[in-house]
Amino acid sequence: MKPAAFDYIVPGTVGEAVGALAEAGERARILAGGQSLILEMRCRRCLPELVVDINRVQGLDRLRVEDGGLQVGALVRHRAFESPRVAPGPLGRLLSRTVVNIAHPPIRALGTMAGSLAWAHPAAEWGAVAVGLDADIELRGRAGTRTVAAHDYFHGPHRTECRPQEMITSVRLPLLDDTVGVAFVEHRRTRAGFAQVAVAVALTVLDGVITQAFIGLANAADRPVRAQVAELSLIGAEIGASLCGPALFGSAHFYPDSLDGHPFGHAARIAAEGDADPCARPYADVEYQRQVVAVLVGRALCQAASDRQAHAGHDGSAGEWR
Ligand SMILES: Cc1cc2nc3c(=O)[nH]c(=O)nc-3n(C[C@H](O)[C@H](O)[C@H](O)COP(=O)(O)OP(=O)(O)OC[C@H]3O[C@@H](n4cnc5c(N)ncnc54)[C@H](O)[C@@H]3O)c2cc1C
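If you're wondering where the values come from, they're calculated on a predicted model, not measured in any experiment.

Q: Sorry if this is basic, but what is going on with the pairing of strand β11 (residues 180–188) here?
A: Along a regular strand, successive side chains alternate from one face of the sheet to the other. With seven of its nine residues buried, β11 lies for the most part within the structure. Judged from the nine bridges that link them, β11 and strand β12 (residues 195–206) form a sheet pairing that is antiparallel. Bridging across to β12, Glu 186 finds its partner in Ala 198. Joining the antiparallel neighbours β11 and β12 is a turn of six residues.

Right, here's the structure in full:
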């Protein structure tokens, strides 16, 4: 199908873009990568009267490390995160392991992280990372700029804190130091489909003891959520060296039962029963979705611990965990 008729402008500055949004309000839509918007317009599920194409706005493609964070401009494409060198240390590894799960290369060449957060599909991978790491999202309107923490930003499927008169100008992800191990684990029903469930994990481990944990979930509720009760259950837990074997940590066949009595098995169940609030799908009822959350959180925790071990030796601490 063809989209309905619409007006189209190409502003050169953020000021011009938000000026147009201020006048048109809910009748306008920003066009970034177009990988969700164009499809919605063609299916006539989205009928903007004005499309504000930000692709020529100077400076929005900026991607840089500053003040302890990675600043991601609104025009930075998914593809930019394919190399782990996009950010130092664990953050770069987490982003590069995440992005390969998003669609396929032509979509990653055009789609943007900011566009994905703006679109707010509950299964979008960047949502799990943004909420898991508690990213800051910068919103700009005619009245000025405000920064919203990711956990306050998502209101539900395709509903966010970004008002129709505002646009996302950048996203700030905190850098992670070398005591952090990271993982991104996802299950998809088809190769190019959206995630059935996805999990982003960042674990700080010192001498085999977890001192901080971040767990972000996609498609485990009507919006991306942080598994805060599961995270709390992990603080102070000794994860032990006996589970460091690549056979278990790298395993794609992990089930929580394999870790009965281990903090990871316990946290996986808490995430599934307490933090997740899954919706029934045509292919999976709520109980099945919870089981998928438990399995994937367990796998992600194992992989994050393994990642921490593989990159150990930078923090100077003693023992097997270095
Ligand atoms: C076949 C296919 C498979 C896909 N698979 C996945 C997948 O597995 N995982 C996944 O996460 N995504 C997937 N996507 C979506 C893809 O990641 C999109 O790129 C992303 O959702 C939107 O980014 P965009 O830059 O293309 O935004 P656009 O399509 O340009 O815009 C999307 C929405 O966000 C708004 N918007 C965009 N930028 C801003 C901004 N800076 N400020 C305010 N509002 C803004 C637009 O107005 C629009 O409402 C898939 C898409 C397709 C077509």
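After that view of the structure, there is still more to cover.
Q: What's the story with the UniProt feature "domain: FAD-binding PCMH-type" (unreviewed entry) in the chain in this structure? I'm lost.
A: Feature annotation in UniProt assigns "domain: FAD-binding PCMH-type" (unreviewed entry) to the following positions: residues 1–178. Spanning residues 1–178, this segment combines 30% helix with 25% strand, and its end C-alpha atoms are found 50 Å apart.

Q: I'm lost on the nonpolar core in this one. Help?
A: As a rule of thumb, soluble globular proteins bury nonpolar side chains together. Core analysis: the biggest nonpolar cluster contains 58 residues, and Ile 54, Phe 81, Leu 95, Leu 117, Trp 126, Val 129 and Tyr 153 have the highest contact counts within it. When residues no more than four places from it in sequence are discounted, the contact partners of Leu 117 are Trp 126, Gly 127, Ala 130, Ile 137, Tyr 153, Phe 154, Thr 160, Ile 168 and Val 171. In this structure, Phe 264, Ala 267, Ala 300 and Leu 301 belong to the second largest nonpolar core, which totals 37 residues.

Q: I'm lost on the site of the ligand in this one. Help?
A: For the ligand, the set of nearby residues contains 27 residues, the closest of which are Ile 30, Gly 34, Leu 37, Thr 112 and Glu 125. Ala 32 is positioned with one of its backbone polar atoms (N or O) 2.8 Å from an oxygen atom of the ligand. Measuring from an oxygen atom of the ligand, one finds a backbone N or O atom of Gly 33 at 2.9 Å. Calculation on the ligand without its partners gives an accessible area of 960 Å², and the protein chains cover 90% of this total. Those elements giving two or more residues to the shell around the ligand turn out to be β2 (28–31), α5 (113–119) and β10 (167–174).

Q: It is not clear to me how the pattern of salt bridges should be interpreted in this structure. Could you clarify?
A: Working definition: two side chains of opposite charge can pair if their charged atoms are close together. Going through the model one piece at a time under the given rule, you end up with 14 salt bridges. Here Glu 82 ties to Arg 108 by a salt bridge, and the two come within 2.9 Å at their closest N and O atoms. With Glu 82 in the loop between β5 (69–73) and α3 (89–99) and Arg 108 in helix α4 (residues 105–110), the pair connects residues that are 26 residues apart, well separated along the chain. Since its relative accessible area comes to 8%, Arg 108 is described here as buried. The closest approach of N and O atoms between Arg 223 and Asp 222, which form a salt bridge, is 2.9 Å. In this structure Arg 223 comes out as partly exposed when scored by relative accessible area, which is 29%.

Q: Hey, could you run me through the domain arrangement of the chain in this one?
A: The accessible area lost on association of the parts is a frequent measure of interface size. Domain annotation of the chain identifies domain 1 (7–53), domain 2 (63–174) and domain 3 (180–310). A separation of 19 Å is found between the C-alpha centroids of domain 1 and domain 2. Contact with domain 1, which involves 17 residues of that partner, is made by 14 residues of domain 2. Of the roughly 1,300 Å² buried between domain 1 and domain 2, counting both surfaces, carbon and sulfur atoms make up 71%. When the buried area of domain 1 at its contact with domain 2 is split by residue, Val 14, Val 18 and Gln 35 rank highest and sum to 33% of it. Run the count over domain 1 and domain 2 and you get one salt bridge. The interface formed by domain 1 and domain 2 holds one residue pair in polar contact (both at pLDDT 80 or more) in total.

Parameters at a glance
- Residues numbered from 1 in each chain as written.
- Predicted model: local features only at pLDDT ≥ 70, side-chain atom pairs only at ≥ 80, totals over all residues.
- Heavy atoms only, no water.
- Buried < 20%, exposed > 50% of the residue type's maximum accessible area, 1.4 Å probe, protein only.
- Helix = DSSP H or I, 4+ residues; strand = E, 2+ residues; numbered from the N terminus.
- Pairing = 2+ DSSP bridges.
- UniProt positions renumbered as here; feature names shortened; annotations may be inferred.
- Core = buried A, V, L, I, M, F, W, Y, C linked by side-chain atoms within 4.5 Å.
- Contact = heavy atoms within 4.5 Å.
- Near = heavy atom within 4 Å.
- Polar contact = N/O pair within 3.5 Å; in protein donor to acceptor, adjacent residues only side chain to side chain.
- Areas by Shrake-Rupley, 256 points an atom, 1.4 Å probe, with all protein chains shown as cover.
- Salt bridge = Lys/Arg side-chain N within 4 Å of Asp/Glu carboxyl O.
- Domains from an automatic or database assignment.
- Buried area = accessible area lost by both parts, 1.4 Å probe.

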